[in-house]
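One letter stands for each residue in the lines below.
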Amino acid sequence: MARKIVITSGKGGVGKSTMTALIGIALAKKGERVALVDADFGLNNLDLYLGLEGCDGYAIPDVLAGKCRVRQALLRHPKYPTLWLLKGDKDSFPINAQTLKGLIMQMEGEFDYLLIDSPAGVGEGFLAAVSAADEGVVVVAPQLSSVRDADKAIQRMKGLGIHTLSLLINGSHGDLVVEGEEFSPKEIAKLLKLPVLGVVPHIYGLSCEGELTPHIAVRYAAEILRGGKRRVYDPTKRYSGFWGSIRRGLKRSL
Ligand SMILES: Nc1ncnc2c1ncn2[C@@H]1O[C@H](COP(=O)(O)OP(=O)(O)OP(=O)(O)O)[C@@H](O)[C@H]1O
Ligand SMILES: [Mg+2]
């Protein structure tokens, strides 16, 4: 039976879809059977991040309208045979929690992981995505607005009975953390009172157009999700000590 994990954040644009795609790829590379569910109707981007935007096929609204079965709507990734995508739709589509939950339940026997990419905010779409899951990964950027919105999302999720929650801190700048100019992962974890699944650095030039390659930080996070070795990437490492201070100086002067 698949683990059903919602990837959410409260605040928009902090990397939910990117992390859903990257963690999905990292899990599939380990042979796990993974389906990514794009529950962000209207602003769906997962196909783009997976390099599957040109692929025609059915999307969630087609399944709900009875035009096809879930199986027919699942798009297999050409490079990772155990990775599948259930597309959202480019048009805004009203979906309620019960409907999405029903659809997800039809898939749970076929996969090890169902990763549900939630829309931003804590509205109707968030509610549907969260209701379909048993666990949550909260993507949070190291900025106050993101931490505050993550807190709201966490409280809503707990209210909905989701207590297996962890943080994926995304876009961390190791140099700024060392210099005390950005929240450290530890500070964020303390504020939000949740365990850290991973810390992903800000990756210069991370492409959102075309296929992504999981950074080592994401691979570590995927390994923790699988119940493997607990390692969290430390983006401050290369900016600490003597050589680190030189790197920081060089970065500042750019
Ligand atoms: N670690 C990172 N380093 C650099 N850029 C990143 C990183 N993570 C995400 N991005 C970029 O940030 C942008 C927003 O990412 P993404 O679409 O995944 O956010 P989102 O939370 O899903 O947004 P939305 O709330 O609109 O659904 C994209 O251009 C993506 O490439
Ligand atoms: Mg998104």
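Since the structure is predicted, the reported quantities are computational estimates derived from the model, not experimental observations.

Draft legend 1. Structural detail: the site of ligand 1. Around ligand 1 sit 19 residues, and of these Gly 12, Gly 15, Ser 17, Thr 18 and Ala 120 come closest. For the shell around ligand 1, the secondary structure elements donating two or more residues are α1 (16–29) and β7 (164–172). Element by element, the count of residues in the shell around ligand 1 is highest for α1, at three residues. Grouping the constituent residues of the shell around ligand 1 by class yields seven nonpolar, 10 polar and two charged.

Draft legend 2. Region of interest: the sheet that holds strand β3 (residues 74–76). Pairing within the open sheet is mixed, and its eight strands lie in the order β3-β4-β2-β5-β1-β6-β7-β8. Strands with a single pairing partner mark the edges of an open sheet, and in this sheet they are β3 and β8 (196–201). Taken over all neighbouring pairs, the strand axes of this sheet differ in orientation by 20° on average, direction set aside. Pairing of β3 with strand β4 (residues 83–86) involves three bridges; the strand directions are antiparallel. Looking at β4, one finds that Arg 76 is bridged to Trp 84. Each of β6 (135–140), β7 and β8 is contacted by helix α9 (residues 185–192), which is oriented at about 145° to β7, the strand it contacts most.

Thresholds applied
Numbering of residues begins from 1 in every chain and follows the order in which that chain's sequence is written. A letter from A marks each chain and a number from 1 marks each ligand, given out in the order of writing. The model is predicted, so local features are restricted to residues of pLDDT at least 70 and side-chain atom pairs to those at 80 or more, both for listing and for counting; the totals for chains, interfaces and linings are taken over all residues. Nearness here is judged by the C-beta atom: place it from the backbone, and if it falls within 6 Å of a molecule or strand, the residue counts as near that partner. Starting at the N terminus, helices and strands are each numbered in turn, a helix being any DSSP run of H or I of at least four residues and a strand any DSSP run of E of at least two. All amino acids are sorted into three groups, where Ala, Val, Leu, Ile, Met, Phe, Trp, Tyr, Cys and Pro are nonpolar, Asp, Glu, Lys and Arg are charged, and the leftover types, Gly among them, are polar. At least two DSSP bridges between two strands are needed for those strands to be called paired. Every axis corresponds to a line fitted to the C-alpha atoms, with the helix fit spanning only the stretch in contact, and the corresponding angles, defined between N-to-C directions, vary from 0 to 180 degrees. Any pair of residues counts as being in contact when their C-beta atoms, constructed from backbone geometry, are within 7 Å of one another.

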